[in-house]
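As a plain string of letters, each chain reads:
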Amino acid sequence: MRIDAVTIFPEYFAALDISLLGKAQENKVIEFNAIDLRNYTQDKHRTVDDSPYGGGAGMLMKPEPWGEALDELLNPDGSTVLIVPSPAGELFKQATAQDLSTKEHIVFACGRYEGIDQRVFDWAKDKAEVRLISLGDYVLNGGEVAAMAMIEAIARLIPGVIGNADSLVEESHSSGLLEYPSYTKPAVWRDLEVPEVLRGGNHAEIATWRQEQSVSRTKAVRPDLLP
Ligand code: ADE
């Protein structure tokens, strides 16, 4: 899979070169590029913003540099998914990550200021699958941090990115429930004991206990996830 992120702050994406995603890039399982939007400006000040028509606070990103960048980046066969991180978008979920992990090319359009001129998306929808996606009901300063979170959630589902594929099976949200609590050695730490059932070695009992813990934890903190 190839992932491109268009941004005025390409430095944000340096973290993708470390740990598992760094290894995945070295192994050519994923290719990642952070692209500076200002490279697609025409004026000497490399301007990317302007005031909004109709008034209102703040500045908006001009369409021209986005058009130039996307002309170059979108696959001509329409196979690119263009993701616009935005608090006004559909909610990003594990199922969204799963769906996106099967795509061959994703471009993240990371807006700053009050966002990007709407015509960029109206134009792009004939050239790519355009999706406005929100990380949650809060506002970030720009799309970069949201894009980073989405990239990590998507990339770790691509076969070969995570060494132990089994660890993807029992984690939070993979089954629709939150994950059960986990423990390692020592068996007693600061007077706190690892639950007896986990030390007994009865796999059926352990599976039942974990399922009950998942359900009670989900009921307590995320009842909206239960059927
Ligand atoms: N940009 C600003 N806030 C955001 C959010 N909550 N999700 C995605 N992108 C954003």
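Residues numbered from 1 in each chain as written. Predicted model: local features only at pLDDT ≥ 70, side-chain atom pairs only at ≥ 80, totals over all residues. Heavy atoms only, no water.

**Q** Explanation requested: the pattern of salt bridges in the structure shown.
**A** Two side chains carrying opposite charge are able to pair once their charged atoms lie near each other. A complete count under the given rule lists 13 salt bridges for this structure. Glu90 is paired through a salt bridge with Arg131; the nearest N and O atoms lie 3.0 Å apart. Placement of the pair is Glu90 in strand β5 (residues 81–91) and Arg131 in strand β7 (residues 129–134), with a sequence separation of 41 residues. Residue class for Arg131 comes out buried when judged on its relative accessible area of 13%. Between Arg131 and Glu129 there is a salt bridge, with the nearest N and O atoms lying 3.7 Å from each other. The network of salt bridges with shared partners includes Glu90, Asp99, Lys103, Glu129 and Arg131. (Salt bridge = Lys/Arg side-chain N within 4 Å of Asp/Glu carboxyl O. Helix = DSSP H or I, 4+ residues; strand = E, 2+ residues; numbered from the N terminus. Buried < 20%, exposed > 50% of the residue type's maximum accessible area, 1.4 Å probe, protein only.)

**Q** Sorry, what's going on with unusual backbone geometry here?
**A** Put simply, Lys185 and Pro186 share a cis peptide bond, and its omega is 5°. The residue Pro186 is located in the loop between α5 (143–155) and β8 (188–189) in this model. The backbone phi angle of Tyr113 is positive, close to 55°, even though this residue is not glycine. Relative to the elements of secondary structure, Tyr113 occurs in the loop between β6 (105–109) and α4 (119–124). For Tyr113, a relative accessible area of 37% puts it in the partly exposed group.

**Q** Help me understand the packing of aromatic side chains in this model?
**A** Overall, the coordinates contain two aromatic pairs when judged by the stated rule. With 6.2 Å between their ring centres and 65° between their planes, Phe9 and Tyr12 make a pair best called edge-to-face. Look at Phe9 and you get partly exposed, because its relative accessible area is 33%. Taking the relative accessible area as the measure of exposure, Tyr12 reaches 37% and is therefore partly exposed. When the ring of Phe13 is compared with that of Phe32, the centres are 5.6 Å apart and the planes differ by 35°; the resulting orientation is tilted. With Phe13 in the loop between β1 (2–7) and α1 (19–26) and Phe32 in strand β2 (residues 31–36), the pair connects residues that are 19 residues apart, well separated along the chain. Comparing Phe13 with Phe32, the two get one shared label, buried. (Phe/Tyr/Trp six-rings, centres within 6.5 Å; stacked < 30°, edge-to-face > 60°.)

**Q** Just checking my understanding: could you explain the sheet that holds β1 for this structure?
**A** Strand-to-strand pairing in sheets goes through backbone hydrogen bonds, with the strands running parallel or antiparallel. Taken in spatial order, the five strands line up as β2-β1-β6-β5-β7 in an open sheet, and their pairing is parallel. Bordering the open sheet on either side are β2 and β7, each of which pairs with just one other strand. Strand-to-strand twist in this sheet, taken as the mean axis angle between neighbours without regard to direction, amounts to 30°. The pairing of β5 with β7 spans seven bridges and is parallel. By the bridge assignment, Pro85 is partnered in β7 with Ile133. Each of β1, β2, β5 and β6 is contacted by helix α2 (residues 63–73), which is oriented at about 170° to β1, the strand it contacts most. (Pairing = 2+ DSSP bridges. Axes fitted to C-alpha atoms, helices over the stretch in contact; angles between N-to-C directions. Contact = heavy atoms within 4.5 Å.)

**Q** What's the story with the environment of Ile83 in this structure? I'm lost.
**A** Secondary-structure assignment places Ile83 in strand β5. Expressed as a C-alpha distance, the spacing of Ile83 and Met150, which sit 67 residues apart in the sequence, is 9.8 Å. What Ile83 contacts, discounting residues up to four positions off in sequence, is Leu100, Ile106, Val107, Phe108, Ala109, Arg131, Ile133 and Met150.

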